[in-house]
2 protein chains.
Amino acid sequence: MTNHIGLFGFGVVGQGYYEIAKNDRLALLPKTIVVQNKNKERDHSLQFSFDPKDILDAPCDIGIELISDPVQAYDYVSSLLKSGKKIISANKKMLSAHLPELLELEKIYGGSLLYEASAAAGIPIITCLDCHFRGDHISQLQGILNGSSNYILSRLFQDDLSLQEAVKLAQENGFAEADPTLDINGSDVSSKLTILSLHAFGKYIPEGEILTLGVQHVHAADVALAKSLGLKIKLIATAKQTPQGLNMYILPALVGESDPLFLVENEYNAAKITSQNLGEQFFQGKGAGSLPTGASVYADLTKVEKGYAYSYDKLNGQKINPQSPHPTSLDAMISADSLEALKPLVASAPIHQANGKYWAVSAISTAELINQIPAIEANKVSVIALNNVLSKEDALAQIQRQETVSLK
Amino acid sequence: MTNHIGLFGFGVVGQGYYEIAKNDRLALLPKTIVVQNKNKERDHSLQFSFDPKDILDAPCDIGIELISDPVQAYDYVSSLLKSGKKIISANKKMLSAHLPELLELEKIYGGSLLYEASAAAGIPIITCLDCHFRGDHISQLQGILNGSSNYILSRLFQDDLSLQEAVKLAQENGFAEADPTLDINGSDVSSKLTILSLHAFGKYIPEGEILTLGVQHVHAADVALAKSLGLKIKLIATAKQTPQGLNMYILPALVGESDPLFLVENEYNAAKITSQNLGEQFFQGKGAGSLPTGASVYADLTKVEKGYAYSYDKLNGQKINPQSPHPTSLDAMISADSLEALKPLVASAPIHQANGKYWAVSAISTAELINQIPAIEANKVSVIALNNVLSKEDALAQIQRQETVSLK
Ligand SMILES: NC(=O)c1ccc[n+]([C@@H]2O[C@H](COP(=O)([O-])OP(=O)(O)OC[C@H]3O[C@@H](n4cnc5c(N)ncnc54)[C@H](OP(=O)(O)O)[C@@H]3O)[C@@H](O)[C@H]2O)c1
Ligand SMILES: NC(=O)c1ccc[n+]([C@@H]2O[C@H](COP(=O)([O-])OP(=O)(O)OC[C@H]3O[C@@H](n4cnc5c(N)ncnc54)[C@H](OP(=O)(O)O)[C@@H]3O)[C@@H](O)[C@H]2O)c1
């Protein structure tokens, strides 16, 4: 069987997939490649189109969408699904926003949509969630899902760089975009957590509903404190089933050396899944880059050939309804440059001055933290989840050990 | 679609699968269960048969083989394959011995055979190797593939138990068989490495061809030495592509704290795969037990329903020919109770006396080690691979630091 494959986008990921197919099976190369910018210098041995209709209106069997623009991506993917086509996408922003509509289209028109590369790039985590947890109950998923943030944290811990220096180095090494905002503010992670939670829990939580703080306010004093305890700070995405509902949050968090997430460094991603039947499963692999991401696209393509489609069995056949996560209370270590910035966040917890910062250790509700995000951003407040690694008392004691003045 | 499912065996794994299906989808429960021992006390709410023909000659669609006897297992599985049936097996001993014939039968008669539970129990490693590395080149696979041995090593390192005490505890906690021989002598690991290597490298290396030393001669002095360097000893299975051919060996090996295998404790298993496109991928999960293993069987069953079959794409469509691994040289730390036991293994390397043992650090060829296995067993010689964690010089220096007498 030869498939007519249409490819949108020939950037980092598109070229990765192309390279792999070229060296493996020419039948899996695209017949048509649509890109956007007519003035870009391109490989002269390849033919490019600038007209999406060359794929959308052609007798193509499989569409691969690897463009950077989520709005256009939705147009392409939804219109291919309406023709019952098989589609592969890596566009986490687009997918996390539109999965409910896309799954409806898949059902109505009989096409299929795979997107392994959209979360944790090279790790086959979506396929594993989809095939390996049938009849099982997942109680918790924790992940390191942004290679760029993790690379930055590795530099803070291993090389004592400042955040600014680490971001620059990440850009120079191709681990962060020219505009690194979506990477370092955690937004990229929340797209991925939305996608993974649909497969792990059968719940669709739009990314705007998830408490999300990135690495941008992790400062040298936090790093020093964690190091003094033999701990690290990682940007951890958590989704946790409780009798009350699904808790979800993305926060810099303390990680201890017995946790497999402790060893995840540089651009690597990881996911840790706790379930009734399987205990703890742990997956680690490259979270970004041309070949790792292209390899996941290529694996999807070989799955499409076999007729593989996601089962979404945790949905139990029900229609997707957007939900909010259930609010919960988290123990965190909070610090800021001024007393005024810190106070509204920590209620009655005592405040200490140490390492040039004001600190408190407090239980804080995720709902309250979401409300405070504008103030947290404006005042560059650092919030580090204790993540069951340290008791509030021990965290406080360690802050006090570094303390100069007790204020209250 | 309702399938008629026939189950052979209702022990640890069979009951795990049954439990999961019962709580998830009754259509995936077996219609017939064949067991062996007529005098065993059984669950009275279930009906059992003692006649394999009740499955083999019945209109069953899917056969699940979960018996403890590899010889009978081969009879059941091959005869079902000859009727073009879909089969699931967890029988690593049987599979590693007969995969070539079974794949032939699969091809000729159009059935299918899945066996996720046969290697690393709960970890979906075979499916991942089979779907996620298309067009990729795997250069190395390293794994901790026996939960029982790993549990024993955890006890030696964490609780300072002797090997005998640790084996007893493993048995008491259900992590080792009544006869723990196949677990602790590494034989179980070599079955699994044979199976994994077929999917990772497209090479069939019968388990008898693989250099295999288990944990049975790891002694307190080895543990003390590793600990003094901040290292651990794990039973590591390695398969490594080199320009000369595939190297393969199973040995207790030093592991350093930056290796994700360092954190794999107790009954957990893990696999680390290094490939051209994906860099290093790492998978960790439970390597034994009723529910973890049953969950892999159940996941296979839901894959069978979707028509999923292994691609064996690394075979490139070629027929399986048994091969030998390519011999290589390994740096190892070797110790024994007597000079005579040690000498034949270490050629001209200097021998030291420390901690009540005779020690040497030497490069040693895998071919030579295989020849020496009877002597190694008879004399309880400990061979610990340095595993690129320590140079020969540093290993020697550390032995000398504990030394009492230098002998040569
Ligand atoms: N990079 C990674 O490591 C990674 C990892 C996981 C997922 N992803 C996701 O994969 C997707 C692609 O990322 P990338 O890194 O490959 O992006 P990229 O390097 O910026 O390339 C984007 C490509 O899309 C094309 N494009 C943009 N708008 C288009 C439009 N309207 N119509 C047709 N083509 C259009 C661009 O065309 P021109 O060539 O004309 O500019 C370019 O070829 C994104 O959704 C990203 O989030 C990336
Ligand atoms: N246990 C684990 O964690 C694990 C993990 C991975 C793979 N495996 C593999 O899974 C398979 C089953 O292991 P297990 O631990 O479940 O074994 P088990 O607890 O010893 O149970 C074996 C079952 O097989 C039945 N049986 C034995 N010979 C038979 C025959 N000739 N015909 C019909 N039934 C027969 C026994 O019947 P009776 O009930 O009449 O005695 C029993 O029900 C083995 O191949 C093992 O290597 C086990």
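Residues numbered from 1 in each chain as written. Chains lettered and ligands numbered in written order. Predicted model: local features only at pLDDT ≥ 70, side-chain atom pairs only at ≥ 80, totals over all residues. Heavy atoms only, no water.

In the nomenclature of an unreviewed UniProt entry, chain A corresponds to Homoserine dehydrogenase from the organism Echinicola rosea. Its UniProt record, at the heading Sequence similarities (unreviewed entry), says of chain A: "Belongs to the homoserine dehydrogenase family." (UniProt positions renumbered as here; feature names shortened; annotations may be inferred.)

**A closer look at the relation of the copies chain B and chain A**
Overlaying chain B with chain A gives an RMSD of 0.0 Å, the required rotation being 180° about an axis along which the chain moves by 0.0 Å. When the rotation and shift are considered jointly, the pair of chain copies conforms to a two-fold rotation axis. In terms of C-alpha distance to the rotation axis, chain B has Phe283 of chain B as its closest residue, with the C-alpha 2.3 Å off the axis. When the interface residues of chain B are mapped onto chain A, 100% of them are again interface residues, pointing to one common binding face. (Least-squares fit on C-alpha atoms with pLDDT ≥ 70 in both. Contact = heavy atoms within 4.5 Å.)

**Digging into the site of ligand 1**
All names here are of chain A. The immediate surroundings of ligand 1 are formed by 23 residues, with Phe10, Val13, Asn37, Lys40 and Arg42 found nearest. At a separation of 2.7 Å, an oxygen atom of ligand 1 approaches a polar side-chain atom of Arg42. Calculation on ligand 1 without its partners gives an accessible area of 900 Å², and the protein chains cover 84% of this total. Among the secondary structure elements, those contributing two or more residues to the shell around ligand 1 are α1 (12–24) and α3 (70–82). Residue composition of the shell around ligand 1, by class: eleven nonpolar, nine polar and three charged. (Near = heavy atom within 4 Å. Polar contact = N/O pair within 3.5 Å; in protein donor to acceptor, adjacent residues only side chain to side chain. Areas by Shrake-Rupley, 256 points an atom, 1.4 Å probe, with all protein chains shown as cover. Helix = DSSP H or I, 4+ residues; strand = E, 2+ residues; numbered from the N terminus. Nonpolar A, V, L, I, M, F, W, Y, C, P; charged D, E, K, R; others polar.)

**What about helix α5 (residues 125–132) of chain B?**
α5 of chain B sits mainly inside the fold: eight of its eight residues count as buried. Listed in full, the buried residues belonging to α5 of chain B are Ile125, Ile126, Thr127, Cys128, Leu129, Asp130, Cys131 and His132 of chain B. (Buried < 20%, exposed > 50% of the residue type's maximum accessible area, 1.4 Å probe, protein only.)

**Here's the deal with the site of ligand 2**
Residue and element names in this part refer to chain B. Contacts to ligand 2 come from 23 residues, most closely from Phe10, Val13, Asn37, Lys40 and Arg42. In isolation ligand 2 has 900 Å² of accessible area, and contact with the protein removes 84% of it. Every element with two or more residues in the shell around ligand 2 is listed here: α1 (12–24) and α3 (70–82).

**Brief notes about the packing of α1 of chain B against helix α11 (residues 290–305) of chain B**
Think of two packed helices as two axes; the pair is described by the angle between the axes and how far apart they sit. All names here are of chain B. Running from amino to carboxyl end, α1 crosses α11 at an angle of 60°, the nearest separation of the two axes being 7 Å. Classified by the interaxial angle, the pair formed by α1 and α11 is oblique. Here α1 and α11 pass one another in a crossing that is right-handed. Contacts from Val12, Val13, Gln15, Gly16, Tyr17, Glu19, Ile20, Ala21 and Asp24 in α1 reach Ser290, Leu291, Thr293, Gly294, Ala295, Val297, Tyr298 and Leu301 in α11. Taken together, the residues that form the contact of α1 with α11 break down as ten nonpolar, five polar and two charged. (Axes fitted to C-alpha atoms, helices over the stretch in contact; angles between N-to-C directions. Parallel < 35°, antiparallel > 145°, perpendicular 65-115°, else oblique. Left-handed = near helix turned anticlockwise from the far one by under 90°.)

**Observations concerning the environment of Leu369 of chain B**
Residue and element names in this part refer to chain B. Here Leu369 is to be found in helix α13 (residues 366–379). Since its relative accessible area comes to 0%, Leu369 is described here as buried. Taking the C-alpha atoms as reference points, Leu369 and Leu213, 156 residues apart in sequence, are found 9.4 Å from one another. For Leu369, the residues in contact, after removing those within four places along its chain, are Leu211, Leu345, Ile364, Ile376 and Val383.

**Focus: the packing of helix α6 (residues 147–159) of chain A against helix α7 (residues 163–172) of chain A**
Residue and element names in this part refer to chain A. Viewed as axis vectors pointing N to C, α6 and α7 meet at an angle of 130°, and their least axial separation amounts to 9 Å. As summarised for this structure, α6 and α7 are arranged oblique, according to the angle between their axes. α7 is crossed by α6, and the crossing has right-handed handedness. From α6, Tyr151, Ile152, Arg155 and Leu156 reach across to α7, where they touch Leu163, Ala166, Val167, Leu169 and Ala170. Partitioning the contact of α6 with α7 into residue classes produces eight nonpolar, no polar and one charged.

**Thoughts on the UniProt feature "domain: Homoserine dehydrogenase catalytic" (unreviewed entry) in chain A**
This chain's UniProt record puts "domain: Homoserine dehydrogenase catalytic" (unreviewed entry) on residues 124–301 of chain A. With 40% helix and 26% strand, the stretch residues 124–301 of chain A has end C-alpha atoms that lie 13 Å from each other.

**Considering the pattern of salt bridges**
On inspection of all chains with the given rule, the structure shows 37 salt bridges over all chains. Two residues, Arg25 of chain B and Glu305 of chain B, come together in a salt bridge whose shortest N-O distance is 2.9 Å. With a gap of 280 residues between them, Arg25 of chain B in the loop between α1 and β2 (32–34) and Glu305 of chain B in helix α11 connect regions that are remote in the sequence. Looking at Arg25 of chain B, the relative accessible area reads 28%, which means it is partly exposed. The partner of Asp313 of chain B in a salt bridge is Lys314 of chain B, with the nearest N and O atoms 3.9 Å apart. Relative accessible area serves as the criterion here: at 17%, Asp313 of chain B is assigned to the buried category. Look at the salt bridges and you will find they share partners, linking Lys92, Asp188 and Lys192 of chain A into a network. (Salt bridge = Lys/Arg side-chain N within 4 Å of Asp/Glu carboxyl O.)

**Some points on the pairing of strand β10 (residues 268–275) of chain B**
Residues and elements named next belong to chain B. The element β10 is extensively covered by neighbouring structure, given that seven of its eight residues are classed as buried. Pairing between strand β6 (residues 138–144) and β10: six bridges, direction antiparallel. Residue Gly143 lies in a different strand from β10, and its bridge partner there is Ala271. Remark: three residues form the turn of the hairpin made by β10 and strand β11 (residues 279–286), two consecutive strands paired antiparallel. (Pairing = 2+ DSSP bridges.)

**Quick word on the interface of chain B and chain A**
Facing the 43 residues of chain B at the interface are 43 residues of chain A. Note on chain B versus chain A: buried area summed over both sides is about 3,200 Å², and carbon and sulfur give 58% of it. Counting the contacts that link chain B with chain A gives two salt bridges. Two residues, Asp130 of chain A and Lys306 of chain B, come together in a salt bridge whose shortest N-O distance is 3.9 Å. Applying the counting rule to chain B against chain A returns ten residue pairs in polar contact (both at pLDDT 80 or more). When residues of the side of chain B that touches chain A are traced back to their parent elements, those giving at least two are α1, α5, β11 and α11 of chain B. Grouping the constituent residues of the side of chain B that touches chain A by class yields 19 nonpolar, 13 polar and eleven charged. Taken together, the three bridges between strand β11 (residues 279–286) of chain A and β11 of chain B define a ladder with antiparallel strand orientation. (Buried area = accessible area lost by both parts, 1.4 Å probe.)

**Details of α1 of chain B**
All names here are of chain B. The first and last C-alpha atoms of α1 sit 19 Å apart over 13 residues, in line with the 18 Å expected at 1.5 Å per residue. Listed as buried for α1 are Val13, Gly14, Gly16, Tyr17, Tyr18, Ile20 and Ala21. Considering only its buried residues, α1 is in contact with β1 (5–8), β2, β3 (62–65) and α11. (Expected span 1.5 Å × (residues − 1).)

**Here's the deal with the sheet that holds strand β5 (residues 112–114) of chain A**
Residues and elements named next belong to chain A. Across the sheet, which stays open at both edges, the five strands sit in the order β2-β1-β3-β4-β5 with parallel pairing between neighbours. Strands with a single pairing partner mark the edges of an open sheet, and in this sheet they are β2 (32–34) and β5. When the angles between neighbouring strand axes are averaged without regard to direction, this sheet yields 15°. Bridging between strand β1 (residues 5–8) and strand β3 (residues 62–65) involves four bridges; their strand directions are parallel. Within the sheet, the bridge partner assigned to Ile5 lies in β3 and is Ile62. Where α3 meets the sheet, it contacts β1, β3, β4 (86–89) and β5, and its direction lies at approximately 160° from that of β4.

**A short note on the packing of aromatic side chains**
Considering all chains together, one arrives at 16 aromatic pairs over all chains under this definition. Judged by centre distance (5.5 Å) and plane angle (85°), the rings of Phe10 of chain A and Tyr18 of chain A are edge-to-face. Using a relative accessible area of 15% as the deciding quantity, one classes Phe10 of chain A as buried. For the pair Phe10 of chain A and Phe48 of chain A, a centre-to-centre distance of 5.4 Å together with 65° between the ring planes defines the contact as edge-to-face. On the criterion of sequence distance, the pair formed by Phe10 of chain A in the loop between β1 and α1 and Phe48 of chain A in the loop between β2 and α2 (53–56) is long-range, its members being 38 residues apart. Three or more aromatic residues joined by ring pairs make a cluster, and in this case those are Tyr115, Tyr308, Tyr310 and Tyr312 of chain A. The side chain of Arg155 of chain B reaches across the aromatic face of Tyr151 of chain B, ending 4.8 Å from its centre. (Phe/Tyr/Trp six-rings, centres within 6.5 Å; stacked < 30°, edge-to-face > 60°. Lys NZ or Arg CZ within 6 Å of the ring centre and 35° of its normal.)

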